[in-house]
Structures are given as structure tokens and as C-alpha cells.
Amino acid sequence: MSKIVFFCIPAHGHTNPTLDVVRELIARGHQVWYYSYNMLQEKIEATGATFISCDDYDMEQKLTPGDAARLGKDLAFSTQILVDTTLALDARICADMEQLKPDCIVADSMAMWGKAAAMKFGVPFVSSTTTFAFNRYSAKIMKQGIGDLLRMIVSMPKIGRHIKRLQDNGYPVKSVLDIIQNDDNTHTIVYTSPEFQPCSDTFSDKYAFVGPSIRPATEEIEKTHEHLIYFSMGTVNNDMLPLYRQCIAAFANTDYQVIMSVGHTVSIDEFGKLPPNITVAPHVDQIAVLQKADVFISHCGMNSVSESLYYGVPLIMLPQTSEQGGVALRVEQLGAGVKQAKTDAVSLLGAVTHVLSAQTYKQNAAAISEGFRRCPGAKGAADKILQVCENAELS
């Protein structure tokens, strides 16, 4: 029986793919401890893992809504939050690791405190990557405009100062790249297929492309029209009332059934009386909707895109961060969706009409789905983690 410790950041999109892996490990008789945040406690404990709260230490929990919106766009600010959190958690994690003596640490690629603990204690380490794996070849997918490049250059001195704080506290971190990428010797689980991952053939055999983790639907969605359009801008930066109103205006009284998930920052009362073909809710069972949908209008988060393509649903993409822009670019490259710059009612309706009328989008989404379904999934991820544990015992 192995003792395995997971670390993750306070984000559903980074946590959800790991939950079936944890269930699989526990089903095989292994023990799992999971460092996370109170907002995720219930779903983590439902796997059978022992939940350990990081809320009292984590800087991200103390951010204002405006600060939270900066995280995906401002590298220096994101680095500051990661470093602040790592140093705040340092004493607690070090004490726990001394007591637990885990056989393996599995940490989200952004939960650098988990990676640092593995380095300090010489514990075998596995990186959990819920976005694309990153190296100098796949970085080309994250194309940046001149404005993004200038902002990064201006922020580099600030990033360097934060990295030095880690170095001064005994962390062997050379640059920000040590935070956002793994080298070819790092065991890494990537929750996508080799076909969807850009430049997958440039990664070493330490990388396991296990495919997206797709949970079962918990509701039944009734499809009432020939075509169902699903609209969601995710669970983080979704305070977008003007965009939601444009979407309603675009599809009001059309032949499309429309389901919109708008989060909890916008009151449903703001929309007044809705057209009969449009349903608006703070939250819907996205898996249940995608099983019936024909087009998904999305912010292009990695999990949402993976779920959409798993069910062969092409996308109209409205990315809000550089990471989401990279995902959108990959979908465009594979012909399974279109990136939409204009978000007025006429443009949104035109984009949906275009995607529905050109069968190639659906065909290409179906091809990506086939690649996802060939992947080993949670069982393959568990195999990878246990292989690392066994190799450490033999060495």
C-alpha cells in the first residue's frame, strides 16, 4: 500500500480532473491525502481521500474580484501569489511531510508548493497538468501579440524579485520557467490526448497523455428543438451581463433552443422576461447539456473545451486569457471551432449559423473525440503514479 499526497490550487478546473484518479488509487487500496481549499472539500472527501485545508495560508483566497481577474493575465502578479502561498504554507507542509513520509507527491502544475516539498524531502514527484504540457515547441501555441510581449518584458524585474524570495528560503528555483514548465525528466500526467496536445512527439516518455477526465451526467436535459446552443463563460471570470444580453438578443425567438449558464455574480432577475426558447440559470449540469448540444459558445477553458470535444460538439470561442487563447488556437488548428472576436448579437448569430452549416466542424470535433476515448483515462493516470512509487522503492 502506497501513501500518496496531492496538492492543488483553488480552482475547480484544476481539481476536477484529479478526482477520478484519486478514486482509482483508493479503490486499489492506497491511501491519499489531498491539500486543497474549503470550497472543494466536499467533492474531495467524496473520493475517500483525507482532505487537508490550505485556506488559512493561501494568499489567493484573500484577493478582491478585480485581483482575481488579473491572475490569468498578469504574470508578475500571478508569480507573486504563487510565491506568497508557497512561503505561507512552508512550515505546515514541512511538518506534515516529516510525519506522513509519503511515497509520492502529485501536485498541480501551478501548485508549486507541492513540487517544492518533493524537492526538499526527496520524495518522488508527479506533475498534474490540466492545461497543455509546456516546452519550447508547444509554447508556439501560446502566440502573443506585441502588447502581451511588452507587458511581459516590463514585468520581468518584478518576477525576478519574487523568484529570489524563494531562493532565499531554500527553494531550488532558477526562474519562472521552473514554475510553469516541467523538464523531460519530470513525471507528468497530462489530461488530454497526444493528438490534441501540441507537439506531443517532442515530450519524453515521462509524460503520460491520459485524456480528459469526464464525469457522469447527474441530470437529464430535454432537447426541445432541432439544434441546441449552449453558452457558458466558466466559473471564474463570468461577470459579463452585457455579453449575456447580446446572446439573448441574438437567439431570441429563433429556431434554436438556447441554454445559458451565467454563474452567481449576475442576478437572473436582470434579464427580465426571457424568450420561450432560452433558458438562463446560474449553473447547469454541463456534461448533461453537452451530450445534447450542437454548438458550445465558450470562454475556452481547457476543461470546458475537452468536455465539448469529448461529445463531438464544435465550439465558438470567446477566450479571456492567454491560456484560453492558446486552447482556442489549437481548436482552430484542428478545425473544430472558430474564434469569435465580435460579440454583438448579429455576429454571435452569424457564427452559430456558420458552424452549423459547415459539417467539417462537427466531423473534426468527432475525430478529436475518438482520440480522447482511446486514452487510458484515470486508470492510466493511477498506473503512472504507482509506477513512480514502485520505481522509487526499487532504486
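All of the points below concern the structure found in this document. Given the structure is predicted, the values throughout are model-derived calculations rather than measurements.

Some details on the sheet that holds strand E3 (residues 50-53)
Phase 1: Reading across the sheet, the 7 strands line up as E3-E2-E1-E4-E5-E6-E7 and stay open at both edges, with parallel pairing between neighbours. With partners counted over all chains shown, the strands left at the sheet margins are E3 and strand E7 (207-209), one partner each. Each strand of the sheet is rotated relative to its neighbour by a mean of 20 degrees, with strand direction disregarded.
Phase 2: In terms of strand pairing, strand E4 (residues 104-108) meets strand E5 (residues 125-129) through 4 bridges, oriented parallel. Bridged to Asp108 within E5 is Ser128.
Phase 3: Those strands touched by helix H1 (residues 12-27) are strand E1 (3-7), strand E2 (31-36), E4 and E5, and its axis lies near 165 degrees from that of E2.
Phase 4: Here helix H5 (residues 112-121) sits on the sheet and contacts E1, E4 and E5; the angle it forms with E4, its principal contact strand, is near 155 degrees.

Some details on the pairing of strand E11 (residues 295-298)
Phase 1: The side-chain alternation of E11 yields two buried faces, one formed by Val295 and Ile297 and the other by Phe296 and Ser298.
Phase 2: Here 4 bridges tie strand E8 (residues 227-232) to E11, and the two strands are oriented parallel to one another. In the sheet register, Ser232 faces E11, and the bridge partner there is Ser298.
Phase 3: Here E11 pairs with strand E12 (residues 315-317) via 3 bridges, running parallel. The residue bridging Ile297 from the neighbouring strand is Ile316, located in E12.
Phase 4: The parallel pair E11 and E12 is bridged by helix H10 (residues 302-310), and the resulting crossover is right-handed.

Points about the packing of helix H8 (residues 241-251) against helix H12 (residues 345-357)
Phase 1: For the pair H8 and H12, the least separation of the axes is 8 Å and the interaxial angle reads 60 degrees. Between H8 and H12, the angle falls in the class oblique. H8 and H12 meet at a crossing whose hand is right-handed. Contacts between H8 and H12 pair Leu243, Gln246, Cys247, Ala249, Ala250 and Phe251 from the former with Ala345, Leu348, Leu349 and Val352 from the latter.
Phase 2: The class makeup of the residues in the contact of H8 with H12 is 9 nonpolar, 1 polar and no charged.

A look at the packing of aromatic side chains
Phase 1: Here the structure, examined in full by the defined rule, presents 11 aromatic pairs.
Phase 2: Ring plane angle 70 degrees and centroid distance 6.2 Å describe the contact between Phe251 and Tyr256, whose orientation is recorded as edge-to-face.
Phase 3: An angle of 80 degrees between the planes, with centres 5.1 Å apart, marks the rings of Tyr310 and Tyr311 as edge-to-face.
Phase 4: One aromatic cluster is present, built from ring pairs that chain together Phe132, Phe196 and Phe372.

Observations regarding the sheet that holds strand E13 (residues 337-339)
Phase 1: Spatial strand order, E10-E9-E8-E11-E12-E13: 6 strands in an open sheet with parallel pairing. Looking along the sheet, the strands with just one partner apiece sit at the ends: strand E10 (278-281) and E13. Across this sheet, the average inter-strand angle for adjacent strands is 15 degrees, counted without regard to direction.
Phase 2: With 3 bridges connecting them, E12 and E13 associate as parallel partners. Bridge assignment links Met317 to a residue of E13, and that residue is Lys339.

A word on the side chain of Asp84
Phase 1: Along the polypeptide, Asp84 turns up in helix H4 (residues 75-100).
Phase 2: Residue class for Asp84 comes out buried when judged on its relative accessible area of 18%.
Phase 3: Within polar-contact distance, the side chain of Asp84 engages the side chain of Arg165 at 2.6 Å.

Details of the state of the cysteines
Phase 1: Taken as a whole and assessed by the stated rule, the structure comprises 0 disulfides.
Phase 2: Looking at the unpaired Cys104, the closest cysteine sulfur is the one in Cys389, lying at 4.4 Å.
Phase 3: By relative accessible area, Cys104 is classed as buried at 0%.
Phase 4: Under the relative-accessibility criterion, Cys389 is labelled buried at 1%.

As for the side chain of Thr321
Phase 1: In this fold, Thr321 is placed in the loop between E12 and helix H11 (322-333).
Phase 2: There is a polar contact of 3.2 Å between the side chain of Thr321 and the backbone nitrogen of Gln324.

Observations regarding the pattern of salt bridges
Phase 1: Following the criterion strictly, the structure yields 13 salt bridges and no others.
Phase 2: Of the charged contacts in the structure, one is a salt bridge between Asp20 and Arg23, with a shortest N-O distance of 2.7 Å. Taken as a pair, Asp20 and Arg23 lie in helix H1 at a separation of 3 residues, close to a single helical turn.
Phase 3: Looking at Asp20, the relative accessible area reads 25%, which means it is partly exposed.
Phase 4: Glu270 is the partner of Arg245 in a salt bridge, and the nearest nitrogen-oxygen pair spans 3.5 Å. Separated by 25 residues along the polypeptide, Arg245 in helix H8 and Glu270 in the loop between strand E9 (256-261) and E10 bring together distant segments of the chain.
Phase 5: A relative accessible area of 43% places Glu270 in the partly exposed class.

What counts and what doesn't
Residues numbered from 1 in each chain as written. Predicted model: local features only at pLDDT ≥ 70, side-chain atom pairs only at ≥ 80, totals over all residues. Heavy atoms only, no water. Pairing = 2+ DSSP bridges. Helix = DSSP H or I, 4+ residues; strand = E, 2+ residues; numbered from the N terminus. Axes fitted to C-alpha atoms, helices over the stretch in contact; angles between N-to-C directions. Contact = heavy atoms within 4.5 Å. Buried < 20%, exposed > 50% of the residue type's maximum accessible area, 1.4 Å probe, protein only. Right-handed = clockwise from strand over helix to strand, strands pointing away. Parallel < 35°, antiparallel > 145°, perpendicular 65-115°, else oblique. Left-handed = near helix turned anticlockwise from the far one by under 90°. Nonpolar A, V, L, I, M, F, W, Y, C, P; charged D, E, K, R; others polar. Phe/Tyr/Trp six-rings, centres within 6.5 Å; stacked < 30°, edge-to-face > 60°. Polar contact = N/O pair within 3.5 Å; in protein donor to acceptor, adjacent residues only side chain to side chain. Disulfide = S-S within 2.5 Å. Salt bridge = Lys/Arg side-chain N within 4 Å of Asp/Glu carboxyl O.

In short, geometric facts, not functional conclusions.
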